[in-house]
Amino acid sequence: MRAVTWQGFEDVRVEGVPDPRIEEPTDALVEITSTAICGSDLHLYRPLTPFMEPGDILGHEPMGRVVAVGDAVEGLATGDRVVVPFNIACGSCFMCDRQLFAQCETTQVREHHKGAALFGYTKLYGHVPGAQADLLRVPQAHFGPIKVPEGPPDDRFLFLSDVLPTAWQAVAYADVPPGGSLAVIGLGPIGQMACRVARHQGVEQVLGVDLVPERLAMAERHGAEVVDAGSTDDVAEALRALTGGRGPDAVVDAVGLEAHGSPVAGAMQRAAAALPRAVSSRLAQAVGVDRLTALHTAIDAVRRGGTLSISGVYGGAADPMPMLDLFDKGVQIRMGQAHVRRWVPEILPLIERDDDVLGLADFTTHRLPLTEAPAAYAMFQAKQDGAIKVVLEP
Ligand SMILES: NC(=O)c1ccc[n+]([C@@H]2O[C@H](COP(=O)([O-])OP(=O)(O)OC[C@H]3O[C@@H](n4cnc5c(N)ncnc54)[C@H](O)[C@@H]3O)[C@@H](O)[C@H]2O)c1
Ligand SMILES: [Zn+2]
Ligand SMILES: [Zn+2]
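Residues numbered from 1 in each chain as written. Chains lettered and ligands numbered in written order. Predicted model: local features only at pLDDT ≥ 70, side-chain atom pairs only at ≥ 80, totals over all residues.

Attention now goes to helix H3 (residues 163-174). Residues spaced three or four apart along an α-helix point in a common direction, a consequence of the helix completing one turn every 3.6 residues. Here H3 spans 16 Å end to end across 12 residues, near enough to the 16 Å set by a 1.5 Å rise per residue. Where burial is concerned, most of H3 is hidden: 11 out of the 12 residues are buried. Regarding H3, the residues found buried are Val163, Leu164, Pro165, Thr166, Ala167, Trp168, Gln169, Ala170, Val171, Tyr173 and Ala174. In this structure, the buried residues of H3 make contact with strand E8 (181-185), helix H4 (189-200), strand E11 (250-253), strand E12 (307-310), strand E13 (332-335) and helix H11 (340-352). Phi for aspartate 175, located one or two positions after H3, is positive at around 50°. (Helix = DSSP H or I, 4+ residues; strand = E, 2+ residues; numbered from the N terminus. Expected span 1.5 Å × (residues − 1). Buried ≥ 20, exposed ≤ 12 C-beta atoms within 10 Å, placed from the backbone. Contact = placed C-beta atoms within 7 Å.)

Grouped together as the largest cluster of nonpolar side chains are 124 residues, with contacts concentrated most on Ala167, Leu182, Val184, Ile185 and Ala194. Counting residues per element, this core draws most heavily on H3, which supplies 8 residues. Domain assignment of the residues forming this core places at least three in each of domain 1 (2-162 + 339-393) and domain 2 (164-335). Sequence-distant contacts of alanine 167, that is, excluding residues within four places in its chain, are made with Ile190, Met193, Ala194 and Val197. (Core = buried A, V, L, I, M, F, W, Y, C linked by C-beta atoms within 7 Å. Domains from an automatic or database assignment.)

This part covers the domain arrangement of the protein chain. The accessible area lost on association of the parts is a frequent measure of interface size. When the domains of the protein chain are assigned, the result is domain 1 (2-162 + 339-393) and domain 2 (164-335). The interface of domain 1 with domain 2 comprises 29 residues on the first partner and 30 residues on the second. If you list the elements that add at least two residues to the side of domain 1 that touches domain 2, you get helix H1 (39-45) and H11. At 5 residues, the largest contribution of residues to the side of domain 1 that touches domain 2 is made by H11. Residues belonging to the side of domain 1 that touches domain 2 are distributed by class as follows: 16 nonpolar, 7 polar and 6 charged. (Nonpolar A, V, L, I, M, F, W, Y, C, P; charged D, E, K, R; others polar.)

As a further point, take the sheet that holds E8. The strands making up a sheet associate through hydrogen bonds between their backbones, and the pairing can be parallel or antiparallel. Reading across the sheet, the 6 strands line up as E10-E9-E8-E11-E12-E13 and stay open at both edges, with parallel pairing between neighbours. Of all the strands in the sheet, just strand E10 (225-228) and E13 have a single pairing partner and so form its edges. Across the sheet, the mean angle from the axis of one strand to that of its neighbour is 20°, orientation sign disregarded. In this structure, E8 lies alongside E11, joined through 4 bridges in parallel fashion. Bridge pairing in E11 places isoleucine 185 opposite aspartate 253. On the sheet, H4 packs against E8, strand E9 (205-210) and E11 and is oriented at approximately 175° with respect to E9. Seen against the sheet, helix H9 (residues 293-301) touches E8, E11 and E12 and runs at an angle of roughly 175° to E11. (Pairing = 2+ DSSP bridges. Axes fitted to C-alpha atoms, helices over the stretch in contact; angles between N-to-C directions.)

Take the packing of H3 against H4 next. One can describe the packing of H3 onto H4 by two numbers: an axis separation of 8 Å at closest approach and a directional angle of 60°. In this view, H3 runs oblique relative to H4, as classed from their interaxial angle. H3 and H4 meet at a crossing whose hand is right-handed. Together, Val163, Leu164, Thr166, Ala167, Trp168, Ala170 and Val171 of H3 and Pro189, Ile190, Met193, Ala194, Val197 and Ala198 of H4 make up the contact between the two elements. For the contact of H3 with H4, a count of residues per class yields 12 nonpolar, 1 polar and no charged. (Parallel < 35°, antiparallel > 145°, perpendicular 65-115°, else oblique. Left-handed = near helix turned anticlockwise from the far one by under 90°.)

Around ligand 1, the structure places 33 residues, and the nearest of them are Gly39, Gly186, Gly188, Gly256 and His260. For the shell around ligand 1, the secondary-structure elements that each account for two or more residues are H1, H4, E9 and H9. The dominant element in the shell around ligand 1, judged by the number of residues it contributes, is H1, at 4 residues. Tallied by class, residues from the shell around ligand 1 come to 16 nonpolar, 14 polar and 3 charged. When we break the shell around ligand 1 down by domain, the ones giving at least three residues each are domain 1 (2-162 + 339-393) and domain 2 (164-335). (Near = placed C-beta within 6 Å.)

With that settled, the discussion passes to unusual backbone geometry. Non-glycine residue histidine 113 carries a positive phi angle of around 55°. On the secondary structure map, histidine 113 appears in the loop between helix H2 (94-97) and strand E6 (135-138). Of the residues examined, histidine 113 has 9 C-beta atoms within 10 Å and is grouped as exposed. The backbone of lysine 383 shows a phi angle near 55°, a positive value even though the residue is not glycine.

With 4 bridges connecting them, strand E14 (residues 366-369) and strand E15 (residues 390-393) associate as parallel partners. Counterpart to proline 369 in the pairing with E15 is glutamate 393. The parallel pair E14 and E15, bridged by helix H12 (residues 373-382), forms a crossover whose chirality is right-handed. (Right-handed = clockwise from strand over helix to strand, strands pointing away.)

To continue, consider the pairing of E8. Each regular strand shows side chains that alternate between the opposite faces of the sheet. With 5 of 5 residues buried, E8 is to be regarded as a mostly interior element. Because side chains alternate across E8, one face comprises the buried residues Ser181, Ala183 and Ile185, and the other comprises Leu182 and Val184, equally buried. Note that E8 and E9 share 5 bridges and pair parallel. Note on E9: the bridge partner recorded for leucine 182 is valine 206. On the question of chirality, the crossover connecting E8 to the parallel E9 by way of H4 is right-handed.

What follows deals with the packing of H3 against H11. At their nearest, the axes of H3 and H11 sit 9 Å apart, and the two run at 90° to each other. Considering the angle they form, H3 stands roughly perpendicular to H11. Taken together, the residues of H11 that come into contact with H3 (itself represented by Leu164, Pro165, Trp168 and Gln169) are Val340, Trp343, Val344, Glu346 and Ile347. Across the contact of H3 with H11, the residue classes break down as 7 nonpolar, 1 polar and 1 charged.

Now the structure itself:
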């Protein structure tokens with residue numbers, strides 16, 4: 001089959017690789033019809049290079065059709081149309097019983113002291129072949145895949161794999177009080193949907209921050225007030241000015257470790273990526289740093305006693321944090337990978353309706369053949385050609 005493989009810093013290629021097959025009775029095989037590129041894939045494209053091996057298959061936002069199921073998989077049959085969550089969970093361990101699916105104890109990667117295994121996300125997360133490919137082997141298929149109805153196009157359901165549950169969790173964790181305000185830093189796919197989910201749930205004031213004009217414009221079309229971080233010296237001050245001087249009740253960080261405007265940390269990430277992988281992987285785990293501009297803006301902006309909800313991925317081991325501000329302001333912080341399955345019962349009925357309350361018809365900006373993955377990654381990374389959400393079609 002064909003698959004998008006990681007080969008090196010900013011180097012992904014479509015290659016022929018062996019077809020996956022059923023290995024465990026709890027596996028299924030899915031023929032992929034749509035598979036998106038995520039901001040998390042961009043971390044692998046550049047700063048998380050130390051944790052990648054050449055040939056790793058990327059991707060964790062897929063949907064398609066079941067073509068084979070293992071003997072122990074009940075409730076799923078050949079021909080079913082399914083979306084596959086990005087985290088792999090068993091559905092019945094201590095963590096899964098508490099709906100903490102991103103921490104599933106059956107798939108936890110204990111060797112690297114990490115949570116549940118993820119598709120296409122480095123050896124730290126189980127080294128599971130990813131979903132930007134013709135076919136995907138889905139472990140724990142008795143629990144993971146979400147059956148979706150026939151009829152509507154893939155774009156209606158595809159984002160159940162990651163973006164929608166991640167945005168839903170971001171807003172749930174933000175815990176905005178009635179009548180309150182929410183700022184969303186970063187208007188990539190996650191930030192866009194966090195704004196829309198918040199508006200849908202009745203948050204009165206949603207403020208979106210980014211520096212890319214098309215992304216600001218999209219958020220504005222869907223009911224957010226926007227702040228252009230590219231033309232404002234002090235984003236936190238701008239957010240306070242829009243919220244009666246106190247700052248938003250809650251702030252979502254939808255940026256993560258590659259925040260714009262962190263020159264020193266950016267140089268360190270590039271230097272680490274240039275070292276031999278065996279050295280850089282050990283180094284990154286011991287003293288790795290994140291680009292923290294967005295997170296520090298969020299901490300500065302959130303009102304005293306407010307909530308910080310972090311969806312952006314961070315991986316540093318030696319990040320300087322403003323503990324005095326956090327403590328003095330009494331900020332509450334919640335974060336982590338999305339527990340995808342936990343939010344599906346709330347989201348699926350919404351997107352099955354035909355009124356498109358989350359505006360999914362205005363989200364995917366590019367749909368390209370899988371073979372164009374190298375150009376698609378470069379475009380999404382550089383935010384060129386109005387790229388906001390890019391979907392590949394095998
Ligand atoms: N927690 C989870 O389960 C989960 C799931 C999916 C994605 N993520 C993470 O969420 C983050 C966003 O993902 P995405 O797909 O939307 O990616 P993205 O890279 O398209 O979005 C990031 C956005 O942040 C903006 N940005 C960068 N620096 C900024 C700054 N200083 N101030 C304001 N905006 C800034 C960028 O212009 C971009 O629009 C990534 O870190 C990704 O890894 C987490
Ligand atoms: Zn993702
Ligand atoms: Zn489990």
